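Letter by letter, the chains look like this.
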Amino acid sequence: LLEWCRTHRADNPVHYDERQRSWQVFRYVDVAEVLGDPARYLADLGDLRPSNPELDLMQRGNFVNMDGPRHRMLRGLVSQAFTSKVVTALTPKITTLTGELLDAVADRESFDLVDALAYPLPVTVVSELLGVPAEDRPLFRRWAEQLFPFNEEDSNVAGTQDAMDALIPAVREMIEYFRAQLDRRRARPADDLTTRLVEAETAADKLTDDDIIGVITLLLTAGHVTTTALLGNAVLTLHEHPEAAARLRTDRDALPSAVDEVLRYRPSLPWLTRRTATEVTLAGQVIPAGDVIMPWLVSANRDEAKFRDPDVFDIGRRPNQYLSFGHGIHYCLGAPLAKLETRIALGLLFDRYREIAVVDDEFHHPFAMGGAKSLSVAVVR
Ligand code: HEM
């Protein structure tokens, strides 16, 4: 994939791909331009997305695929829950959860890091944030699993109708669950995001239950597998760079910039999608209105015109303006949370184990997801 991106950056940085039926964009400047100009490059793919009643209902709150005032309104409400204060306050909780997950494999000399930690941690943190009771977490985890159909190797950019139809039972179940949950929070408010969304609804008279359920689904799908991939990528990349791991063990202050560098080096999402609102000219190519654009984050992050020695993993890299969380008005709301989870997880792994070696791995299809399905580690206490 990296070689393929490099060739395209050099030879045809913006071109139409017949198979994907979309424009592929490879250079940093062009990817940043697409993401930074929401008036010309829309996040809403419109009628290209498969549709069914359940999914359409959830799309009402799925603001990552929206443009204009409604995106602003929904993002504004949810962003209150992701202020650095709120996120930092989650530190003790995330530390406890991470500790519990590692306790469960404490007597093992090898385990699957994805199964044990990288998979369950992010979904548990999102359910904490939303105030989902601990006993319902397995449900939540199952929905998260079913709602992100990233395993299809040849899925088209908008997802296939069959894949979407297969989600219906899980979606129905989840909608029912959250309708009840919203009623509970209305009757008895708690200090969680669900309550804040319910209260925002009454204050502004704008959010319906369906909107809120859509927002919750977005958090679940956007915040889960992406962070799972990051956690696995952090462990794998440090395994490949033992000198960086050794430095981090003694200099924990270097953790934040190391996590940033993992994100640049191995972005969880290889590409995003946009659709042109009007005819545009990008890197000399004239692109008609209504066409689909795929900006390749994994390529932008390795662009030699932007990063010095882009293929070197440098935990002290500064500046490090990678695009793994996107750019512009849709910039990831969960970025501080994902980074915090990763810092905490790495810190606890270092505390518990003198050595952590990756002995086997299985990756998702590299065009679908930049992360491991499983990562066997051998550990020494
Ligand atoms: C948006 C990546 C974790 C919530 C995005 C976007 C990217 C991204 C690339 C922009 C999509 C676009 O422009 O089309 C990631 C990565 C993560 C991560 C790589 C982990 C390593 C999270 C977490 C949450 C979250 C933990 C919340 C629990 C969101 C939301 C949006 C978003 C709500 C939509 C923002 C908007 O449209 O205004 N994320 N994300 N993400 N992310 Fe994340």
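Everything that follows concerns the structure shown earlier in this document.
These numbers come from a predicted model, not from an experiment.

Turning next to the nonpolar core. Formed by 95 residues in total, the largest nonpolar core has its most connected members in Val25, Val31, Trp296 and Leu297. When residues in this core are grouped by element, the largest group, eight residues, is from helix H14 (residues 225–240). Not counting residues up to four positions away in its chain, the partners in contact with Val25 are Val14, Asp30, Val31, Val34, Leu282, Ile293, Met294, Pro295 and Trp296.

Taken together, the neighbourhood of the ligand is formed by 25 residues, with Gly223, Gly326, His330, Cys332 and Gly334 sitting nearest. Looking at the shell around the ligand, the elements with two or more residues in it are helix H13 (209–223), H14 and helix H18 (335–352). Across the shell around the ligand, the residue classes tally to 16 nonpolar, eight polar and one charged.

Spatial strand order, S4-S10-S9: three strands in an open sheet with antiparallel pairing. Looking at the sheet topology across the chains shown, the edges are occupied by strand S4 (110–112) and strand S9 (355–363). Mean inter-strand twist for the sheet, computed between neighbouring axes without regard to direction, equals 20°. Two strands pair when backbone bridges link them, and S4 and strand S10 (residues 372–380) are joined in this way by three bridges, in the antiparallel orientation. What sits directly across from Ser110, in S10, is Ala378. Lying over the sheet, H14 contacts S9 and S10, oriented at roughly 120° with respect to S9.

With that out of the way, let us pick up unusual backbone geometry. Following Arg318, the chain continues into Pro319 via a peptide bond in cis, with omega recorded as -10°. For Ala283, which is not glycine, the phi dihedral falls at a positive 50°. You can call Ala283 partly exposed: it has 15 C-beta atoms within 10 Å. With a phi angle near 45°, Asp309 is a residue other than glycine that sits in the positive phi range. Looking at the secondary structure, you find Asp309 in the loop between helix H17 (297–300) and H18.

Calculation rules
Residues numbered from 1 in each chain as written. Predicted model: local features only at pLDDT ≥ 70, side-chain atom pairs only at ≥ 80, totals over all residues. Core = buried A, V, L, I, M, F, W, Y, C linked by C-beta atoms within 7 Å. Buried ≥ 20, exposed ≤ 12 C-beta atoms within 10 Å, placed from the backbone. Helix = DSSP H or I, 4+ residues; strand = E, 2+ residues; numbered from the N terminus. Contact = placed C-beta atoms within 7 Å. Near = placed C-beta within 6 Å. Nonpolar A, V, L, I, M, F, W, Y, C, P; charged D, E, K, R; others polar. Pairing = 2+ DSSP bridges. Axes fitted to C-alpha atoms, helices over the stretch in contact; angles between N-to-C directions.

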